[in-house]
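Observations on chain architecture
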Amino acid sequence: MPDDPGLIELADLLALVAAHLPEGLAARAEAATSLEMAVEHLRAADRLGGLLPVVTLHHLRLALQYERNARQDATGRPEH
């Protein structure tokens, strides 16, 4: 598989974003943790090579789960 030279740059940008999240953000700790996890996964994908699709799908699945939980919290009832 060809190398993706943008993985480290993307990981560095995400780390920068995680370090500068606004203090007033209600879910700051959860967002920072998620970004830090994404940084770790991107760096691992760079080291191992070829895992970007797997990492991307993992984070898309997490995003959908967060969105589902947010809807549930907003309505007070589980999503079907």
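Check the entry above for the structure.
So, here is what we can say about the structure in this document. As the structure is a computational prediction, the values presented were derived from the model and not from experiment.

**With respect to the pattern of salt bridges**
Tallied over the full model, the rule gives 1 salt bridge. Among the ionic pairs, Arg 43 bridges to Asp 12, the shortest N-O distance being 2.6 Å. Remark: Asp 12 occurs in helix H1 (residues 7-19) and Arg 43 occurs in helix H2 (residues 28-48); sequence separation between them is 31 residues. Residue Arg 43 is classed as partly exposed on the basis of its relative accessible area, which comes to 30%.

**Quick look at H1**
In this model, H1 (13 residues) spans 18 Å end to end at C-alpha, consistent with the 18 Å of a helix rising 1.5 Å per residue. Here H1 has its buried residues at Leu 7, Ala 11, Leu 14 and Ala 18. The buried residues of H1 occupy an angular sector of 65 degrees when the element is viewed end-on, so they sit on one face. Within H1, the exposed residues directed more than 90 degrees away from the buried face are Leu 13 and Ala 19.

**Observations regarding a nonpolar patch on the surface**
A surface patch of nonpolar side chains, about 280 Å² in accessible area, is lined by Leu 48, Leu 51 and Val 54. Residue position: Leu 48 is located in helix H2.

What counts as what
- Every residue gets a number counted from 1 within its own chain, in the order that chain's sequence is written.
- Selection of residues for local features in this predicted model requires a pLDDT of at least 70, selection of side-chain atom pairs for listing and counting requires 80 or more, and totals for whole chains, interfaces and linings are taken over all residues.
- As a convention, hydrogens and water are excluded, and side-chain values are obtained from all of the structure's heavy atoms.
- Salt bridges are defined as contacts in which a side-chain nitrogen from Lys or Arg sits within 4 Å of a carboxyl oxygen from Asp or Glu.
- A run of H or I in DSSP counts as a helix once it spans at least four residues, and a run of E counts as a strand once it spans at least two, with each numbered from the N terminus.
- For each residue, the accessible area found with a 1.4 Å probe, counting protein chains only, is set against the maximum for its type, and the residue is called buried under 20%, exposed over 50%, and partly exposed in between.
- The length a helix should cover is 1.5 Å for every residue beyond the first.
- Here the arc refers to the set of directions running from the helix axis out to each C-beta atom.
- Distance thresholds for patches are 9 Å for like charges and 5 Å for nonpolar side chains (Val, Leu, Ile, Met, Phe, Trp, Tyr), applied to residues having over 30% relative accessible area and no salt bridge.
- Throughout, the Shrake-Rupley method with a 1.4 Å probe supplies accessible areas, and for residues the shown protein chains are the sole cover considered.

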